[in-house]
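Listed below are the residues making up each chain.
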Amino acid sequence: MMNKIKILATGGTIAGKAASSTQLTGYTAGAYSVDDLLASVPALGELAQISGEQLCNIDSSSITDALLLRLAQRCNELLAQEDVDGVVITHGTDTMEETAFFLNLTVKSDKPVVLVGAMRPATAVSADGPLNIINAVKTAVCAESAGQGVLVVMNDEIYGGRDVMKTNTANVATFKAPNGGALGCIVGGEVRYYYRSVRPHTLAAEFAISKVTALPRVDIIYAHIGQDRVLVDAACAAGARGLVYAGSGMGSIHGAVEAALAEAVQSGVVVVRSSRTGSGRVSAGLARWQEQGFLYADNLNPQKARLLLQLALLQTHERSEVQELLLRY
């Protein structure tokens, strides 16, 4: 009997439309519906019993916290049904890594959840979306995918939601896991796994969002030469309950910003140091940073550290407890 897979569509380039088959930038994302996508890849019906649902149809650069919560809650509703064996989410690539990590922490099922997208619009002469979605469904029906956490399937590779990152603006091989690597791949139409994520996820994660209606405000402050404290002060004035500092190198803090971050901590804001470099681990760092109460994000990039901090702040504002969560997940 064929697996029953639900396709949740959110828009993105995989549903994008351009004026010509050679236009690969400046197109309209989310121009086609989930029904259009399914009709364009009839081979999906040979892999599973497929049904589609349009959650939204937007460019993923515009996804909101509210939509993330809605997506996670909808996944949990669907995965709790006996007639759903897995969920494939079509998603824009710009923020796919963030959605994948958030779902990795909030989905309460060991059934496969696979995010997939495209780097070229559906109208492109060499659109990558059709094969990507075929590979995503193959991954979702693969027995070995159960319990792997939320996955991202792009360009014949399978990545874990915690570690995957978009690393290039346009290349179809943009998705990588700089601190680890792919969990598996699809070669010759066959799904093969070689590694597993060791960090807690899905059923083993402690974050419950079924009744959550809003996430706490957490802003990212990006380090750069000539920085001052204006953005830190503005974020705090806007009601930020947490700040992620995307520092240079191993989370280094600009001298003109450090006092503002320390004042933020004193006012009850949780401050986490991450790195703008794109890979590597941020450690506790200078003794005075620890004394001022700054936490550190391990090897999570700033955008993923922000999501984990938002979930952590739903549970606690105790800095030692938040730090433990940053190191555990």
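Summarised in this report is the structure supplied together with it. Values in this document were obtained by computation on a predicted structure and should not be read as measured data.

**A short note on the overall build of the protein chain**
Of regular secondary structure, the protein chain possesses nine helices and 14 strands. For a compact globule of 329 residues, the expected C-alpha radius of gyration is about 20 Å, and the protein chain comes in at 20 Å, within 12% of that figure. Counting only C-alpha atoms and orienting by the principal axes, one finds that the protein chain spans roughly 60 × 45 × 35 Å.

**Notes on the sheet that holds strand E10 (residues 190-193)**
A sheet is described by the order of its strands in space; here eight strands give the open sequence E2-E1-E3-E4-E5-E6-E9-E10, paired in mixed fashion. The strands lining the two open edges of the sheet, one partner per strand, are strand E2 (49-58) and E10. Strand after strand, the sheet turns through a mean of 25° between neighbouring axes, direction not considered. Sheet topology note: the strand E9 (residues 184-187)/E10 ladder contains four bridges and is antiparallel. Within the sheet, the bridge partner assigned to Gly184 lies in E10 and is Tyr193. This element, helix H3 (residues 96-106), spans strand E3 (86-90), strand E4 (113-116) and strand E5 (151-154) of the sheet and lies at about 175° to E4.

**Section: helix H9 (residues 319-328)**
Of all the residues in H9, the buried ones are Val322, Gln323, Leu325 and Leu326. The arc that holds every buried residue of H9, seen down its axis, measures 160°, which confines them to one face.

**Concerning the nonpolar core**
Within soluble globular proteins, side chains that are nonpolar generally end up buried alongside one another. Counting 54 residues, the largest nonpolar core has Ile89 and Leu115 as its most contacted members. Examining the composition of this core, we find that eight residues originate from one element, helix H2 (residues 65-79), more than from any other. Filtering out sequence-adjacent residues up to four positions away, Leu115 remains in contact with Ile89, His91, Met96, Thr99, Ala100, Leu103, Val150, Leu151, Val152 and Val153. If you look at the next biggest cluster of nonpolar residues, it comprises 26 residues, including Ile14, Val114, Val116 and Ile134.

**Quick word on the pattern of salt bridges**
Applying the stated criterion to the full structure yields 15 salt bridges. Glu190 is paired through a salt bridge with Arg192; the nearest N and O atoms lie 3.1 Å apart. Residue classification places Glu190 among the partly exposed positions, given a relative accessible area of 43%. A network of salt bridges, in which partner residues are shared, links Arg162, Asp163, Arg199, Arg281 and Asp298.

**Details of the packing of aromatic side chains**
Enumeration according to the criterion identifies one aromatic pair in this entry. Ring geometry for Phe207 and Tyr329: centres 5.1 Å apart, planes at 50°, overall tilted. Pair noted here: Phe207 is in the loop between E10 and strand E11 (218-222) and Tyr329 is in the segment after H9, with a separation of 122 residues, a long-range link. For the pair Phe207 and Tyr329, a shared accessibility class is recorded, and that class is buried.

**Considering the environment of Arg196**
Of note, Arg196 is situated in the loop between E10 and E11. Exposure remark for Arg196: the relative accessible area of 51% places this residue in the exposed category. Spatially, the C-alpha atom of Arg196 lies 42 Å from that of Gly226, the residues being 30 residues apart in sequence. Setting aside chain neighbours within four positions, we find Arg196 in contact with Ala146, Gly147, Gln148 and Leu183.

**Here's the deal with the state of the cysteines**
All told, the structure shown has zero disulfides when counted by the stated rule. Cys185 takes part in no disulfide bond, and the closest cysteine sulfur to it belongs to Cys142, at a distance of 11 Å. By relative accessible area, Cys185 is classed as buried at 19%.

**A word on the pairing of E11**
Every other side chain in a regular strand lies on the same face of the sheet, so the side chains alternate between the two faces. Bridge count between E11 and strand E12 (residues 242-247): five bridges; the pairing is parallel. Following the sheet pairing, Ile220 is matched in E12 by Val244. The β-α-β motif built from E11, the intervening helix H5 (residues 230-237) and the parallel element E12 has right-handed crossover chirality.

**Quick word on the environment of Glu82**
For Glu82, the position within the fold is in the loop between H2 and E3. For the pair formed by Glu82 and Lys4, sequence separation is 78 residues and the distance between their alpha carbons is 9.5 Å.

**Side note on the side chain of Ser274**
Summarising the element assignment, Ser274 is placed in strand E13 (residues 270-275). A distance of 2.9 Å separates a polar atom in the side chain of Ser274 from the backbone oxygen of Leu300. In this structure, Ser274 is in contact with Val244, Tyr245, Ala246, Gly247, Gly251, Val282, Ala297, Leu300, Asn301 and Pro302, ignoring residues within four places of it in sequence.

Reading guide: rules and limits
Residues numbered from 1 in each chain as written. Predicted model: local features only at pLDDT ≥ 70, side-chain atom pairs only at ≥ 80, totals over all residues. Heavy atoms only, no water. Helix = DSSP H or I, 4+ residues; strand = E, 2+ residues; numbered from the N terminus. Rg over C-alpha atoms; globule rule 2.2 N^0.38 Å. Pairing = 2+ DSSP bridges. Axes fitted to C-alpha atoms, helices over the stretch in contact; angles between N-to-C directions. Contact = heavy atoms within 4.5 Å. Buried < 20%, exposed > 50% of the residue type's maximum accessible area, 1.4 Å probe, protein only. Arc of directions from axis to C-beta. Core = buried A, V, L, I, M, F, W, Y, C linked by side-chain atoms within 4.5 Å. Salt bridge = Lys/Arg side-chain N within 4 Å of Asp/Glu carboxyl O. Phe/Tyr/Trp six-rings, centres within 6.5 Å; stacked < 30°, edge-to-face > 60°. Disulfide = S-S within 2.5 Å. Right-handed = clockwise from strand over helix to strand, strands pointing away. Polar contact = N/O pair within 3.5 Å; in protein donor to acceptor, adjacent residues only side chain to side chain.

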